[in-house]
Amino acid sequence: MSDQELILGDSSACIKQIPDHSIDLILTDPPYNLGRYSTGNIKMSWRKDFNNDVAEWDTTIFNPAEWLDEFRRVLKPTGTIFAFTSYNLLGQWHQAFDPVFDTFQFMVWHKTNPPPKLRRAGFLNSCELIICAWDKGHTWNFTKQKEMHNFIESPICMGKERVKDPVHPTQKPVKVLSHLIKLATNPGDLVLDPFMGVGSTGVAALKLGRRFIGIEIDPLYFKAATKRIEELTSAPSLFTLEAESIQRVSGEDEKFRAQGPEELMPLLFEESEDVRRYGN
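Here is what the cut-offs are and how they apply
- Residues numbered from 1 in each chain as written.
- Predicted model: local features only at pLDDT ≥ 70, side-chain atom pairs only at ≥ 80, totals over all residues.
- Heavy atoms only, no water.
- 1 Å grid on protein atoms, 1.4 Å probe; cavity = no way out; pocket = protein on both sides within 12 Å on 5 of 7 lines; lining within 4 Å.
- Points joined across faces, edges and corners; volume = space filled by probe spheres on them.
- Helix = DSSP H or I, 4+ residues; strand = E, 2+ residues; numbered from the N terminus.
- Nonpolar A, V, L, I, M, F, W, Y, C, P; charged D, E, K, R; others polar.
- Phe/Tyr/Trp six-rings, centres within 6.5 Å; stacked < 30°, edge-to-face > 60°.
- Buried < 20%, exposed > 50% of the residue type's maximum accessible area, 1.4 Å probe, protein only.
- Lys NZ or Arg CZ within 6 Å of the ring centre and 35° of its normal.
- Axes fitted to C-alpha atoms, helices over the stretch in contact; angles between N-to-C directions.
- Parallel < 35°, antiparallel > 145°, perpendicular 65-115°, else oblique.
- Left-handed = near helix turned anticlockwise from the far one by under 90°.
- Contact = heavy atoms within 4.5 Å.
- pLDDT = per-residue confidence, 0-100.
- Salt bridge = Lys/Arg side-chain N within 4 Å of Asp/Glu carboxyl O.

Turning to the layout of surface pockets, a few remarks are in order. Over the atoms rolls a probe the size of a water molecule, and in doing so it shows where empty space is left. The volume enclosed by the second largest pocket comes to roughly 700 Å³. Together, 38 residues line the second largest pocket, and Ser11, Pro31, Pro194, Phe195 and Ile217 are the ones closest to its centre. Broken down by secondary-structure element, the contributors of at least two residues to the lining of the second largest pocket are α1 (11-14), β2 (23-28), α5 (200-207) and β8 (211-216). The class makeup of the residues in the lining of the second largest pocket is 17 nonpolar, 12 polar and nine charged.

Here we come to the packing of aromatic side chains. Across all of its chains, the model carries 11 aromatic pairs by this definition. Ring centres 6.4 Å apart and planes at 85° place the aromatic pair phenylalanine 84 and tryptophan 109 in the edge-to-face group. Taken together, the residues span a long stretch of sequence, with phenylalanine 84 in strand β3 (residues 75-85) and tryptophan 109 in strand β4 (residues 103-111) at a distance of 25 residues. The exposure class of tryptophan 109 is buried, given its relative accessible area of 1%. An aromatic cluster is present here, built from Phe62, Trp67, Phe71, Trp93, Phe97, Phe101 and Phe195 joined pairwise through their rings. One residue, arginine 72, lies across the ring of phenylalanine 101, its end atom 4.3 Å from the ring centre. A cation over a ring is seen here: lysine 111 above tryptophan 109, with NZ or CZ 5.7 Å from the ring centre.

Interhelical geometry of helix α4 (residues 174-184) versus α5 gives an angle of 55° and a closest axis separation of 9 Å. Comparing their axes, α5 and α4 come out oblique. As α4 runs across α5, the sense of the crossing is right-handed. On α5, the residues touching Val174, Leu177, Ser178 and Ile181 of α4 are Ser200, Thr201, Val203, Ala204 and Ala205. A per-class count over the contact of α4 with α5 returns six nonpolar, three polar and no charged.

A word on the packing of α5 against helix α6 (residues 219-232). As a packed pair, α5 and α6 sit with axes 9 Å apart at the nearest point and diverge in direction by 15°. One element, α5, and the other, α6, form an angle in the roughly parallel class. Seen along the crossing, α5 lies across α6 with a hand that is right-handed. Here Ser200, Gly202, Val203, Leu206 and Lys207 of α5 lie close against α6, whose contacting residues are Arg228, Ile229 and Leu232. Along the lines of polarity and charge, the residues of the contact of α5 with α6 split into four nonpolar, two polar and two charged.

Any residue range with low pLDDT should be treated as having predicted coordinates unsuitable for detailed reading. Put simply, the protein chain has an average pLDDT of 81, and 73% of its residues get 70 or more. Here residues 240-262 is a poorly scored stretch, pLDDT under 50, and it has 52 contacts once near neighbours within four places are set aside; other chains count. Within the model, pLDDT remains below 50 along residues 271-280, and this stretch shows 27 contacts once partners closer than five positions in the same chain are excluded.

Right, let's get into the pattern of salt bridges. For the structure shown, the criterion picks out seven salt bridges. Note that lysine 172 and aspartate 29 form a salt bridge whose closest N and O atoms lie 2.7 Å from each other. Residue lysine 172 is found in the loop between β6 (151-154) and α4, and its partner aspartate 29 is found in the loop between β2 and α2 (68-74); the two are separated by 143 residues along the sequence. Note on aspartate 29: relative accessible area 15%, which makes it buried. Where glutamate 128 meets lysine 172, a salt bridge forms, and the shortest distance between an N and an O atom there is 3.5 Å. Taken together, the residues span a long stretch of sequence, with glutamate 128 in strand β5 (residues 127-134) and lysine 172 in the loop between β6 and α4 at a distance of 44 residues. Per residue, the accessibility class of glutamate 128 equals that of lysine 172, and both read buried. One network of salt bridges, in which partners are shared, links Asp29, Lys111, Glu128 and Lys172.

Listed below in structure tokens is the structure:
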């Protein structure tokens, strides 16, 4: 397969076409189910509105148990799952994944520059959780003891790294994602992000010499991810999943079409002439 495949479509459908035991790492940032707690942006008289809102996609209920079977199926026996989550979903992740994996743990990402609490009503939202699941014999690049704490400190995404158009409210820093990828994969391994967003996992994976499959349902986020990946690679293999057809959306002028989503995933793994031509 090529080094990267970016797919615009519903990951709950697309993931079913990924071959069994083909993924080395699932690194993803699914919805947190925090939409119902949002009170909207805070209006300021002296500056633009302060971002206190969540994206519309976070109003859709995410149930970790619904993803267990597919995550388990596509993951290699030596594979690992890292998924960002929030306090309200940690118990659901544990209830679903702990019984079927040898190890279930969590990490804490401490954001050193979290958004301020303008109304001073409660703690700063300075920590996010990352669930971790694997079986015995998984790839694990253990480093120094002091570097193996289940605690990461890093600023939130800012500056040039932050995608401005469109703004993704939960864009993760490449630094944090790179740390996780280094722990659980080796060069050439395949990383899957079924909730790709603006492509930060792909950027981190490709910079480290890993291969990447990213799936994103939002066209604007997908376009932003495409742009970021193209800055790292030339002519990536990109597909759009629309209804019952898949259409190539960037690269050379020629277009490739398949008749349904079941036709897509073999293209990611077969070393056919078409794949070599449209991929890297």
